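Coordinate analysis (summary)
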Amino acid sequence: MDAIENILSRKSVREFSNKEISEQDLKTILTAGMSGPSALNMRPYDFIVIRKKDLMEQIYDENGIYYAPLKQANVGVIVCGDIDKAYLAKDGYWIIDSTIAAQNIILAANALGIGSVWLGAYPEKQKYLALQKLFSLSNHVIPVAVIALGYPLDDKREIRDLYEEEKIHKDKW
């Protein structure tokens, strides 16, 4: 699959089969997450990889129905931004660098035929604080995104055209 097809065919997958994601595919996905641009190459992110079903159930219990896809997922990945490692620290690029990492994880999964859905955390304080508590994270480590990964029940792949001409402004607003 070429890069453009991968981007245009990416979709949120919320129902997964019980087929296991291999360690090699997971490493490929995480490597992609670490391969995006980062301000001054500070790379202020870390990933929590979850395979334990009971732990994914706890995340669901803490944060509600929005996190239901974790109950079927084969793997959960929490992308955390570390403010202490970021360019310009607290007011810096940690959120941008972390969301780029999360996007790369989702795109790499799609390229491998693995479904994903970004369940979010930051900026919803109640959600990211619950995750900080559950995983005993320091205050400077902020869960940015929770990503559920698994092989989709519906393996239908289609190119979606979401282009909107009215959103393009040429040389002025």
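Everything below is about the structure printed above this text.
So, the pairing of strand β4 (residues 141-150)
- Of all ten residues in β4, ten are buried; the element is thus mostly enclosed.
- When strand β2 (residues 75-82) meets β4, the two strands line up antiparallel, connected through eight bridges. Pairing of G76 across the sheet is with A148, part of β4.
- Pairing of strand β3 (residues 115-118) with β4 involves four bridges; the strand directions are antiparallel. Note that in β4 the partner of S116 across the bridge is L149.

Comments concerning a nonpolar patch on the surface
- Residues L40, M42, Y87, L88, Y93 and I96 make up a contiguous nonpolar surface patch of roughly 560 Å² in combined accessible area.
- Tracing the chain through its elements places L88 in the loop between β2 and α4 (94-111).

Points about the pattern of salt bridges
- In the structure shown here, the tally under the stated rule is five salt bridges.
- Residue D46 is joined to K85 by a salt bridge in which the shortest nitrogen-to-oxygen separation is 3.0 Å. You can see D46 sitting in strand β1 (residues 45-50) and its partner K85 sitting in the loop between β2 and α4, a full 39 residues away along the chain.
- Its relative accessible area of 37% is what places K85 among the partly exposed residues.
- E158 is the salt-bridge partner of K156, the closest N and O atoms lying 3.5 Å from each other.

Definitions and limits used
- Residues numbered from 1 in each chain as written.
- Predicted model: local features only at pLDDT ≥ 70, side-chain atom pairs only at ≥ 80, totals over all residues.
- Heavy atoms only, no water.
- Buried < 20%, exposed > 50% of the residue type's maximum accessible area, 1.4 Å probe, protein only.
- Helix = DSSP H or I, 4+ residues; strand = E, 2+ residues; numbered from the N terminus.
- Pairing = 2+ DSSP bridges.
- Patch = residues over 30% accessible without salt bridge, like charges linked within 9 Å, V, L, I, M, F, W, Y side chains within 5 Å.
- Areas by Shrake-Rupley, 256 points an atom, 1.4 Å probe, with all protein chains shown as cover.
- Salt bridge = Lys/Arg side-chain N within 4 Å of Asp/Glu carboxyl O.

Take it as geometry only, folks, not as evidence of what the structure does.
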